Amino acid sequence: MTHATKAIYKLLLTDYVKVSKVSVEDMLFDEQDINRSMDRIEVLDFHQTVEVNGIKFWCYTAGHVLGAAMFMVDIAGVRVLYTGDYSREEDRHLRAAELPQFSPDICIIESTYGVQLHQPRNIRERRFTDVIHSTISQGGRVLIPAYALGRAQELLLILDEYWSNHPEFHNIPIYYASPLAKKCMAVYQTYILSMNERIRNQFANSNPFKFKHISPLNSIDDLSDVGPSVVMASPGGLQSGLSRQLFDIWCSDKKNACVIPGYLVEGTLAKTIISEPKEVTLMNGLTAPLNMQVHYISFSAHADYAQTSTFLKELMPPNIILVHGESHEMGRLKTKLMTELADCNTKIITPKNCQSVEMYFNSEKMAKTIGRLAEKMPEVGETVSGILVKTGFTYQIMAPDDLHIFSQLSTTNITQRITIPYSGAFGVIKYRLEQIYESVESSTDEESGVPTLRVHDRVTLKQDSEKHISMHWTSDPISDMVSDSIVALVLNINREVPKVVVESEAIKSEEESGKKAEKVIHALLVSLFGDVKLGDNGKLVINVDGNVAHLDKQSGDVESENEGLKEKVKAAFKRIQSAVKPIPLAAS
Amino acid sequence: MGTSVQVTPLSGVFNENPLSYLVSIDGFNFLIDCGWNDHFDPSLLQPLSKVASTIDAVLLSHPDTLHLGALPYAMKQLGLSAPVFSTEPVYRLGLLTMYDQYLSRRQVSEFDLFTLDDIDSAFQSVTRLTYSQNYHLSGKGEGIVVAPHVAGHLLGGTVWKITKDGEDVIYAVDYNRRKEKHLNGTVLESFVRPAVLITDAYNALHNQPPRQQREMFQDAISKTLRAGGNVLLPVDSAGRVLELLLILEDYWAEHSLNYPIYFLTYVSSSTIDYVKSFLEWMGDSITKSFETSRDNAFLLKHVTLLINKSELDNAPDGPKLVLASMASLEAGFSHDIFVEWASDVKNLVLFTERGQFGTLARMLQADPPPKAVKVTMSRRVPLVGEELIAYEEEQTRLKKEEALKASLVKEEESKASLGPDNNLSGDPMVIDANNANASADVVEPHGGRYRDILIDGFVPPSTSVAPMFPFYENNSEWDDFGEVINPDDYIIKDEDMDQAAMHIGGDDGKLDEGSASLILDAKPSKVVSNELTVQVKCLLIFIDYEGRADGRSIKTILSHVAPLKLVLVHGSAEATEHLKQHCLKHVCPHVYTPQIEETIDVTSDLCAYKVQLSEKLMSNVLFKKLGDYEIAWVDAEVGKTENGMLSLLPISTPAPPHKSVLVGDLKMADLKPFLSSKGIQVEFAGGALRCGEYVTIRKVGPAGQKGGGSGTQQIVIEGPLCEDYYKIRAYLYSQFYLL
């Protein structure tokens with residue numbers, strides 16, 4: 001979350017814990033939990049790109065409330081924009097929601113106001129100030145029930161400015177009666193950089209959130225209710241608390257006014273009085289006539305239909321997911337957007353709670369071949385072999401020798417040197433080795449002058465002394481295997497067990513070995529795929545979940561409807577074959 | 001094949017002059033930093049003036065004079081007109097620093113290199129970015145992404161990363177690795193293997209003493225104050241001073257001292273006001289304390305902010321601590337206060353950063369410090385008597401001239417506007433046109449007289465009409481209903497409420513700091529200078545609070561970042577050479593130390609091409625995870641996609657066997673506990689690891705240099721044929737990935 005959000009988060013939830021009246025057991029969380037969560041919250045600034053496991057994300061201003069952010073998430077090139085609550089209209093202190101530089105592939109967008117349209121801001125402000133102006137001039141009091149955060153600050157800015165421009169009002173007090181708003185004022189006074197140019201320019205002179213004409217009010221007892229005044233109090237719905245207390249006192253005087261600036265929740269008194277009933281029920285159960293004027297001027301910082309549709313038209317996301325809105329309103333928005341975006345093949349989805357939306361994107365995986373491996377551009381049909389290194393969602397192909405240059409990885413050579421007790425003649429070993437291996441070179445060691453043998457250019461044997469020979473090689477699977485066989489051979493000579501006689505091993509007939517190999521292949525395939533049968537014309541029929549593949553054992557060709565299975569069978573067969581057939585020693 | 005990168009230093013190589021470098025990436029010219037020193041010597045900008053007009057973008061890294069001081073001058077005089085990029089604090093504090101510089105200079109000299117307006121207009125073209133914001137350039141720089149990253153040292157201080165086609169060019173000077181009171185350490189270490197790293201050698205030979213400096217700092221101050229002396233800290237206007245203020249605040253609170261602290265610059269109050277709103281740019285501890293208790297660390301409780309010296313003079317007597325700009329003691333309040341206080345043995349002048357080369361501060365930091373220094377004391381005094389009269393006369397003369405010029409210009413304009421009218425008006429005017437010509441002819445003989453009176457050194461073209469009052473033809477259009485009007489002219493502006501508010505707020509960011517100069521500008525004044533010798537009897541101490549990485553940590557960071565190519569700038573010749581030799585040995589084989597105006601080509605000699613990885617190939621690749629990396633061996637056949645891209649397809653013939661590769665970086669120190677956890681006795685003996693009774697594991701070959709050399713680790717395992725040998729070998733293998 002952004003810096004401002006984190007600061008407000010703590011205040012808001014702490015306030016919630018303090019005012020919630022449920023018993024300790026029913027409390028979902030307490031202050032300690034909040035403090036613990038504070039340590040886990042990472043903050044980021046607008047536009048700051050953060051990368052986690054190769055997934056990049058950053059945020060744009062959303063214009064809903066101080067610190068509000070729209071998040072863009074980039075997963076391997078597929079971008080998802082989540083607007084949250086946003087407003088495309090710049091107000092007194094917030095920047096309008098930004099238009100992202102890149103169009104997202106999916107746009108998850110709020111639909112709170114559906115197809116409704118807002119009045120222009122300056123008209124709403126004019127209505128607001130006019131109501132207050134006329135009420136005050138007639139000696140009345142103005143009650144503004146508002147939520148402690150967000151719109152309250154905007155309205156206070158309007159009031160403070162209006163008062164500055166109207167010196168005749170300077171003796172009329174404005175109060176905001178919300179301890180939470182008072183606490184949050186420090187946050188508003190600090191995170192000026194998250195606000196718009198207007199505030200920043202004003203800041204050059206003095207902090208616009210250090211109000212000149214507005215003071216906080218702690219409780220109703222501190223209010224000397226003697227003349228006209230303007231009081232902004234929470235809660236916004238007039239359910240209880242200070243705003244309700246004031247309402248009860250003021251509602252029967254027709255000089256007074258109540259201005260409701262925010263979103264109205266069903267079932268609250270604020271919603272009820274909009275329809276201007278003759279009487280209202282007070283908190284003490286009595287009824288009183290509702291004589292005060294009631295005005296509903298929405299300052300809600302949610303996008304309306306005009307904003308939403310222009311925003312989407314500018315962005316042109318191929319997929320739109322509508323969230324957060326009353327279902328009818330959302331439906332109307334969907335239909336209207338469908339007709340408006342009809343010619344651009346846009347998919348609009350309105351999932352229900354807990355219903356997941358799955359979309360598949362086949363992004364091309366691109367790799368960069370670098371270093372020695374890329375010294376010349378390959379022609380079509382040539383092979384490229386190297387290490388594929390994946391970091392996040394970027395791929396690089398490089399030669400093993402370049403690994404340490406382009407990544408923090410490095411390669412290692414392990415040289416092994418082993419001494420084997422052997423007191424026989426060195427020549428015997430040579431003789432034996434020559435019987436097994438094709439290439440055995442003998443020479444003498446340049447330093448010590450002892451005779452050496454080099455087997456297949458991999459393993460070197462040295463006669464260190466009368467009692468010992470030493471063997472050294474560089475680790476890799478084949479050399480390790482060769483060395484093991486040499487060790488076995490030397491030990492066998494030592495033990496003088498029946499000599500390995502040069503005998504033309506009863507070479508099994510081609511057919512026999514072929515059969516054996518076939519058996520092995522079949523067994524391995526069964527262990528991999530389960531249902532493997534010998535079909536007609538010598539092909540193996542592999543059946544996996546109804547997908548059938550035909551494998552030609554001779555050529556390794558696979559036929560199948562299912563591409564995935566075909567590839568798997570092909571790869572498996574290739575691996576089995578390389579396991580069954582002898583390893584060519586000439587590998588290097 | 002790669003992106004072409006050229007670096008040309010314009011100032012600040014092989015010495016400690018201001019920083020200014022030209023970095024050209026595929027023909028797009030970045031000017032990185034645009035510094036000047038406290039002497040404001042225009043000759044330093046000679047190289048910049050030659051290239052200023054070719055620059056496409058300017059990147060600023062720190063809000064002090066050495067990094068951005070020349071910006072107003074370059075914009076005004078050298079034809080620099082590129083967009084500028086910086087972080088918000090660099091923009092704001094840089095602006096304030098420049099105001100402070102100007103006002104300090106203006107106070108003591110007829111400073112005319114740039115004005116406050118020039119500063120304002122120069123900073124108007126700044127685009128502000130946040131840390132880690134990837135800004136995609138457009139137009140000529142298409143494909144280039146610039147991003148600022150945390151550098152430490154100063155608030156908003158930036159390490160610039162310029163990326164094109166996946167190749168990074170990183171510019172990192174004056175970074176700090178240590179976390180400080182108000183700043184986090186740099187994130188430079190998180191970049192690995194950039195194609196090019198441009199960095200400074202400023203501190204290469206300079207090792208910070210261990211932590212005790214803090215006590216020394218506090219002791220020195222409290223001792224002097226207790227003895228009844230005054231303490232002067234010459235500081236910069238809006239940079240390191242922030243850290244010092246916090247340290248002092250803490251110290252004062254901790255020891256409940258009540259000596260007054262004054263922070264005296266022309267812009268001190270605005271500086272602190274702005275800094276209070278920059279919390280999101282500061283270190284974790286500051287943001288944390290704000291989030292949990294809404295305590296803004298820069299709500300200073302013990303510090304009084306002053307913006308002119310008379311306030312200090314009026315302050316009650318007694319020991320006090322003053323932080324005053326400029327750090328160089330060349331001008332500004334610190335200069336004046338130094339002259340006043342230097343001759344008293346009780347006083348202390350405490351330097352917290354090395355003075356710029358050739359300044360008074362640097363002289364005083366010499367060891368041993370000079371007994372006496374010559375200083376020029378200048379003062380701006382209002383003009384009186386004859387001088388004032390002379391000045392006023394001069395002003396009226398100038399005004400007259402100006403008025404005359406203006407009237408001429410106006411006349412010229414009206415002529416110009418009439419001219420085309422004549423031509424345009426077409427047929428009905430033919431007669432008139434003739435008339436005009438005729439009248440011109442008629443006027444000709446008398447013309448001379450008019451000209452003498454009205455036009456000075458200006459010959460009107462022969463076609464011009466005789467001087468007359470401006471006359472504008474009302475050639476508005478008429479239709480059947482009367483004059484055709486533009487409805488837009490009559491729309492009542494709805495925005496008036498906003499407009500009014502804007503007026504209150506105003507756009508005038510420099511009101512309080514500017515006011516000083518406005519007063520000063522309004523009154524005719526002159527500068528009076530006299531040279532005097534100041535006996536330096538006060539105590540001089542230098543304690544390093546520069547907040548730059550020291551030699552040791554520079555080397556650690558560089559070897560960690562391990563760039564493919566390294567360019568060293570900014571630092572004395574010895575420091576540069578020392579660091580070069582070090583890096584050649586331990587960091588990378590390509591280290592460049594260009595001279596001023598020498599263009600070096602650091603284009604990477606890398607070969608690279610892009611290929612598409614086909615689904616078929618990728619479904620058969622098994623990745624092994626190794627830290628942040630996943631690796632696999634691929635054998636693939638090259639094919640082409642429909643749009644002509646190269647793509648890699650699975651190979652059709654059995655893969656040719658390849659030499660197996662062991663991937664992994666083995667640290668002997670890590671291997672030891674691993675083996676002992678497996679129940680093998682291990683100990684180090686003579687550089688080798690003895691495992692069990694007989695087997696030894698050794699690392700051979702040169703270690704260290706990462707960028708060059710073979711890069712392949714050599715490990716030897718030796719032992720007699722026994723079971724242990726194979727067991728240990730298996731454990732050793734388990735440390736690597738076999739590909």
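Residues numbered from 1 in each chain as written. Chains lettered and ligands numbered in written order. Predicted model: local features only at pLDDT ≥ 70, side-chain atom pairs only at ≥ 80, totals over all residues. Heavy atoms only, no water.

Looking now at the overall build of chain A. If you tally the helices and strands in chain A, you get 15 helices and 27 strands. Its C-alpha radius of gyration of 40 Å places chain A more than 25% over the 25 Å reference for a compact globule of 588 residues. Across its three principal axes, chain A shows a C-alpha extent of roughly 125 × 65 × 55 Å. The buried share of chain A, taken over its 588 residues, is 48%. Contacts spanning at least 24 positions in sequence make up 64% of the contacts within chain A whose residues lie at least 6 apart. Of the roughly 29,200 Å² of accessible surface on chain A, a fraction of 52% belongs to carbon and sulfur atoms. Once the 61 positive and 74 negative side-chain charges of chain A are each reduced to a mean point, those two points are 3 Å apart. (Helix = DSSP H or I, 4+ residues; strand = E, 2+ residues; numbered from the N terminus. Rg over C-alpha atoms; globule rule 2.2 N^0.38 Å. Buried < 20%, exposed > 50% of the residue type's maximum accessible area, 1.4 Å probe, protein only. Contact = heavy atoms within 4.5 Å. Areas by Shrake-Rupley, 256 points an atom, 1.4 Å probe, with all protein chains shown as cover. Lys, Arg positive; Asp, Glu negative; His and termini not counted. Charge placed at Lys NZ, Arg CZ, Asp CG, Glu CD.)

It is worth spelling out the overall build of chain B at this point. The secondary structure content of chain B amounts to 21 helices and 34 strands. The buried share of chain B, taken over its 739 residues, is 51%. The long-range share in chain B, meaning contacts at least 24 apart out of those at least 6 apart in sequence, stands at 73%. In the form shown here, chain B has an accessible surface area of approximately 34,300 Å², with 53% of it arising from carbon and sulfur atoms.

Our next topic: a nonpolar patch on the surface. Residue and element names in this part refer to chain A. Where nonpolar side chains cluster on the molecular surface, the patch consists of Val 520, Leu 524 and Val 580 and spans about 190 Å² of accessible area. Mapped onto the fold, Val 580 is located in helix 15 (residues 563-580). Taking the relative accessible area as the measure of exposure, Val 580 reaches 31% and is therefore partly exposed. (Patch = residues over 30% accessible without salt bridge, like charges linked within 9 Å, V, L, I, M, F, W, Y side chains within 5 Å. Salt bridge = Lys/Arg side-chain N within 4 Å of Asp/Glu carboxyl O.)

On to the pattern of salt bridges, then. Residue and element names in this part refer to chain B. Within the structure shown, the criterion is met by 46 salt bridges over all chains. Where Lys 76 meets Asp 118, a salt bridge forms, and the shortest distance between an N and an O atom there is 3.3 Å. One end of the pair, Lys 76, is in helix 3 (residues 71-77); the other, Asp 118, is in helix 5 (residues 116-124), and 42 residues separate them in sequence. A salt bridge links Glu 180 to Arg 240; the shortest N-O distance between them is 2.5 Å. Of this pair, Glu 180 sits in the loop between strand 10 (167-172) and strand 11 (196-200) while Arg 240 sits in the loop between strand 12 (231-235) and helix 7 (241-254), and the two are 60 residues apart along the sequence.

The description of an aromatic ring pair rests on the distance of the ring centres and on the angle between the ring planes. Residues and elements named next belong to chain B. Scanning the entire structure with this criterion turns up 30 aromatic pairs over all chains. Here Trp 36 and Tyr 73 contribute two aromatic rings whose centre-to-centre distance is 4.9 Å and whose plane-to-plane angle is 45 degrees, an arrangement assigned as tilted. Within this pair, whereas Trp 36 is found in the loop between strand 3 (28-32) and helix 1 (46-51), its partner Tyr 73 is found in helix 3, the two being separated by 37 residues in sequence. Here Trp 36 matches Tyr 73 in class, with each residue buried. Three or more aromatic residues joined by ring pairs make a cluster, and in this case those are Trp 36, Phe 40, Tyr 73, Tyr 102, Phe 111 and Phe 114. (Phe/Tyr/Trp six-rings, centres within 6.5 Å; stacked < 30°, edge-to-face > 60°.)

Attention now goes to the domain arrangement of chain A. Residues and elements named next belong to chain A. Each domain of chain A was delimited in the assignment, giving domain 1 (44-116 + 302-349), domain 2 (121-296), domain 3 (367-406), domain 4 (415-495) and domain 5 (515-580). Each partner contributes to the interface: domain 1 provides 13 residues, whereas domain 2 provides 21 residues. Carbon and sulfur atoms make up 47% of the area that domain 1 and domain 2 hide from each other, which totals about 1,600 Å². Of all residues in domain 1, the largest losses of buried area upon contact with domain 2 belong to Leu 66, Arg 92 and His 93, amounting jointly to 53% of the total for that side. Linking domain 1 with domain 2 are 4 salt bridges, by the criterion used here. Joining domain 1 to domain 2, the criterion identifies 15 residue pairs in polar contact (both at pLDDT 80 or more). (Domains from an automatic or database assignment. Buried area = accessible area lost by both parts, 1.4 Å probe. Polar contact = N/O pair within 3.5 Å; in protein donor to acceptor, adjacent residues only side chain to side chain.)

Positionally, Val 380 of chain A belongs in the loop between strand 16 (365-370) and strand 17 (383-391). Once residues lying within four places of it in the same chain are set aside, the contact partners of Val 380 of chain A are Val 638, Gly 639 and Lys 640 of chain B.

This next bit is on the packing of helix 9 (residues 305-315) of chain A against helix 10 (residues 327-340) of chain A. Residues and elements named next belong to chain A. Look at helix 9 against helix 10: their axes get within 11 Å of each other, and the N-to-C directions meet at 45 degrees. Here helix 9 lies oblique to helix 10, going by the angle between them. For the pair helix 9 and helix 10, the crossing hand works out as right-handed. On the side of helix 9, the interface is formed by Tyr 305, Ser 309, Leu 312 and Lys 313, while helix 10 contributes Leu 333, Lys 336, Leu 337 and Glu 340. For the contact of helix 9 with helix 10, the class distribution of residues is 4 nonpolar, 1 polar and 3 charged. (Axes fitted to C-alpha atoms, helices over the stretch in contact; angles between N-to-C directions. Parallel < 35°, antiparallel > 145°, perpendicular 65-115°, else oblique. Left-handed = near helix turned anticlockwise from the far one by under 90°. Nonpolar A, V, L, I, M, F, W, Y, C, P; charged D, E, K, R; others polar.)

Reports often express the size of an interface as the amount of accessible area lost when the parts come together. Contacts between the two partners involve 110 residues from chain B and, on the opposite side, 102 residues from chain A. Approximately 9,400 Å² of surface area, both sides summed, lies buried where chain B meets chain A, with 55% of it carried by carbon and sulfur atoms. Linking Glu 718 of chain B and Arg 417 of chain A is a salt bridge whose minimum nitrogen-to-oxygen distance equals 2.7 Å. Linking chain B with chain A are 30 residue pairs in polar contact (both at pLDDT 80 or more). Per element, the largest residue contribution to the side of chain B that touches chain A is 12 residues, and it comes from strand 27 (residues 629-640) of chain B. Across the side of chain B that touches chain A, the residue classes break down as 51 nonpolar, 29 polar and 30 charged.

Another aspect to go through is the UniProt feature "domain: Beta-Casp" (unreviewed entry) in chain B. Per the UniProt record, the feature "domain: Beta-Casp" (unreviewed entry) sits at residues 241-364 of chain B. Across residues 241-364 of chain B, the secondary structure splits into 44% helix and 14% strand, with the terminal C-alpha atoms separated by 20 Å. (UniProt positions renumbered as here; feature names shortened; annotations may be inferred.)

Here, UniProt's "domain: Beta-Casp" (unreviewed entry) annotation points to residues 152-273 of chain A. Across residues 152-273 of chain A one finds 39% helix and 12% strand; the C-alpha atoms that close the span lie 20 Å apart.

To continue, consider the nonpolar core. One finds Leu 323 and Phe 338 of chain B to be the most contacted residues of the largest nonpolar core, which totals 161 residues. Every residue in contact with Leu 323 of chain B, bar those within four places of it in the chain, is listed here: Leu 233, Val 235, Val 241, Leu 244, Leu 245, Leu 248, Ile 261, Tyr 262, Phe 263 and Leu 264 of chain B. Ile 414, Leu 433 and Val 490 of chain A together with Leu 662 of chain B belong to the second largest nonpolar core, which has 40 residues in total. (Core = buried A, V, L, I, M, F, W, Y, C linked by side-chain atoms within 4.5 Å.)

Here the focus is the domain arrangement of chain B. You can read the domains of chain B as domain 1 (5-207 + 544-601), domain 2 (211-383 + 505-542), domain 3 (612-650) and domain 4 (662-738). The straight-line distance from the C-alpha centre of domain 2 of chain B to that of domain 3 of chain B is 62 Å.

For the peptide bond that leads from Ser 234 of chain A to Pro 235 of chain A, omega is 0 degrees, which places it in the cis range. Note that Pro 235 of chain A resides in the loop between strand 9 (230-233) and helix 7 (241-250). Cis geometry marks the peptide bond from Ser 325 of chain B to Met 326 of chain B; its omega dihedral reads -10 degrees. Within the secondary structure, Met 326 of chain B sits in the loop between strand 15 (321-325) and helix 11 (332-341). Phi angles above zero are rare outside glycine, and Leu 238 of chain A is one such case at about 60 degrees. Among the structural elements, Leu 238 of chain A can be located in the loop between strand 9 and helix 7.

All right, on to the sheet that holds strand 24 (residues 600-601) of chain B then. All names here are of chain B. Here we have 7 strands laid out as an open sheet, ordered 6-5-4-3-2-1-24, and mixed in their pairing. The sheet terminates laterally at strand 6 (126-129) and strand 24, the two strands that pair on one side only. Those strands touched by helix 4 (residues 88-108) are strand 5 (84-87) and strand 6, and its axis lies near 100 degrees from that of strand 5. (Pairing = 2+ DSSP bridges.)

This part takes up the sheet that holds strand 14 (residues 303-306) of chain B. Within a sheet, each strand pairs with its neighbour through backbone hydrogen bonds, oriented either parallel or antiparallel. Residue and element names in this part refer to chain B. Ordered by their spatial adjacency, 6 strands build an open sheet running 14-13-15-12-16-21, and the pairing between neighbours is parallel. Each end of this open sheet is capped by a strand with a single partner; those strands are strand 14 and strand 21 (539-542). Across the sheet, the axes of successive neighbouring strands diverge by a mean angle of 20 degrees, strand direction being ignored. For strand 12 and strand 16 (residues 348-351), the ladder comprises 2 bridges, and the chain directions are parallel. Its bridge partner lying in strand 16, Leu 232 is registered against Val 349. Against the sheet, helix 11 makes contact with strand 12, strand 13 (261-264), strand 15 and strand 16, and its axis sits at roughly 135 degrees relative to strand 15, the strand it touches most.

Here we come to the environment of Thr 359 of chain B. Relative to the elements of secondary structure, Thr 359 of chain B occurs in the loop between strand 16 and helix 12 (360-364). Measuring from C-alpha to C-alpha, the distance between Thr 359 of chain B and Glu 330 of chain B comes to 6.3 Å, with 29 residues separating the pair along the chain.

Examined against the element boundaries, Lys 390 of chain A turns out to sit in strand 17. Exposure remark for Lys 390 of chain A: the relative accessible area of 15% places this residue in the buried category. When near neighbours in sequence (up to four residues on either side) are disregarded, Lys 390 of chain A contacts Tyr 395 of chain A together with Phe 623, Asp 628, Tyr 629 and Glu 630 of chain B.

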